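Observations on the model geometry
Residues per chain, in single letters:
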Amino acid sequence: MDPTRTDTAFSRAPAGRARVGMMRKALSFALVGVVNTAVDASVFFVALAALKSAGPSVRAFEAASGLCGCGGADDLMLIAANLMGWVVGVTGSYVLNSTFTFAEESGRTLRLRDYGAFAASGVLGAVANTTTLVMVAQVMPVWFAKACAILVSFVVNFTMSHFVVFRPRRGRPDAEPGNASQ
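Values in this document were obtained by computation on a predicted structure and should not be read as measured data.

1. Side note on the confidence of the model for the chain
Residues at a pLDDT of 70 or more form 84% of the chain, whose mean pLDDT is 82. Looking over the chain, one finds the lowest element-wise mean pLDDT in helix α1 (residues 3-12), namely 52, and the highest in helix α4 (residues 73-101), namely 90. Low confidence marks residues 173-182, where pLDDT is under 50. Its contacts with residues over four positions away, or in another chain, come to 12 contacts.

2. So, the nonpolar core
Counting residues in hydrophobic clusters, the biggest one holds 16 residues, and the most contacted among them are Phe44, Leu48, Phe61, Met77, Leu78, Ala81 and Leu133. Looking at this core, the element that brings in the most residues is α4, giving five residues. In contact with Met77, not counting residues within four places along its chain, are Leu48, Leu51, Lys52, Val58 and Phe61. One finds Phe29, Val90, Phe118 and Phe166 within the second-largest nonpolar core, a separate group that totals nine residues.

3. Description of a nonpolar patch on the surface
Together, Phe45, Val139, Met140, Trp143 and Phe144 make up a nonpolar patch on the protein surface, roughly 530 Å² of accessible area in all. Along the chain, the position of Trp143 falls in helix α7 (residues 142-165). A residue is classified by how much of its surface remains accessible, and Trp143, at 58% relative accessible area, is exposed.

4. Section: the pattern of salt bridges
On inspection of all chains with the given rule, the structure shows three salt bridges. Glu105 is the partner of Lys25 in a salt bridge, and the nearest nitrogen-oxygen pair spans 2.1 Å. Of this pair, Lys25 sits in helix α2 (residues 14-53) while Glu105 sits in helix α5 (residues 103-106), and the two are 80 residues apart along the sequence. Across the pair, exposure class does not vary: Lys25 and Glu105 are buried alike. Note that Asp40 and Lys146 form a salt bridge whose closest N and O atoms lie 2.7 Å from each other. Here the residue Asp40 occupies a position in helix α2, and Lys146 occupies one in helix α7, the gap between them amounting to 106 residues. Note on accessibility: Asp40 and Lys146 belong to one class, buried.

Calculation rules
Sequence order sets the numbering: in each chain, residues are counted from 1 along the sequence as written. Reporting in this predicted model follows two pLDDT cut-offs: at least 70 for local features of residues, and 80 or more for side-chain atom pairs to be given and counted; totals over whole chains, interfaces and linings ignore these cut-offs and use all residues. Hydrogen atoms and water are omitted, and side-chain values are computed over all heavy atoms in the structure. Within a predicted model, pLDDT stands for the predictor's per-residue confidence, ranging from 0 to 100. Numbering goes from the N terminus for both helices and strands, where a helix is a DSSP run of H or I of at least four residues and a strand is a run of E of at least two. The contact criterion used throughout is that any non-hydrogen atoms of two residues lie within 4.5 Å. Throughout this description, the term nonpolar core refers to a set of buried Ala, Val, Leu, Ile, Met, Phe, Trp, Tyr and Cys residues connected via side-chain atoms within 4.5 Å. Burial classes: relative accessible area under 20% of the type maximum marks a residue as buried, over 50% as exposed, and values in between as partly exposed (1.4 Å probe, protein chains only). Each patch is built from residues lacking any salt bridge and having more than 30% relative accessible area; the joining distance is 9 Å for like charges and 5 Å for nonpolar side chains (Val, Leu, Ile, Met, Phe, Trp, Tyr). Reported accessibility uses the Shrake-Rupley method at a 1.4 Å probe radius. Residues are deemed covered only where the shown protein chains occlude them. Here, a salt bridge means any side-chain nitrogen of Lys or Arg that lies within 4 Å of a carboxyl oxygen of Asp or Glu.

Here it is, written out as structure tokens:
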């Protein structure tokens, strides 16, 4: 079946329009996520290599793990490197999602308040990502653990972005579903 005809057929009914719109947002969010994943993973692996190769860093993480009793130095280095990747990636992700994925809801305007909400909602994704990373890294190679963590955080981050951060605002004329403001 021709995808254009399917899109047109689905978009005639309000429920179909909503479904197509949601699929487009999910696809756009995923594409932004691919870019963000490359940034996050690059920062993560560079930071992890730097942390593991610097003697003072290793000693500091060994001391910290002894004080907190919250895992070994390797676990804490995974967490630190993962959070570095997240901090770098969250800003780029906010800009791209505001500009493309949730352009209708954001009006393609970057706002400090929305950035704060996006970063705050991303904390849940970062916690899910980091927890998955550390748990899976106990039994699998780090690269595989990072891939699993990325999948888990995709689900959490899209859900938070769609239902919390970029939800349509009441009282704005462009906030009505299907009302595109360019």
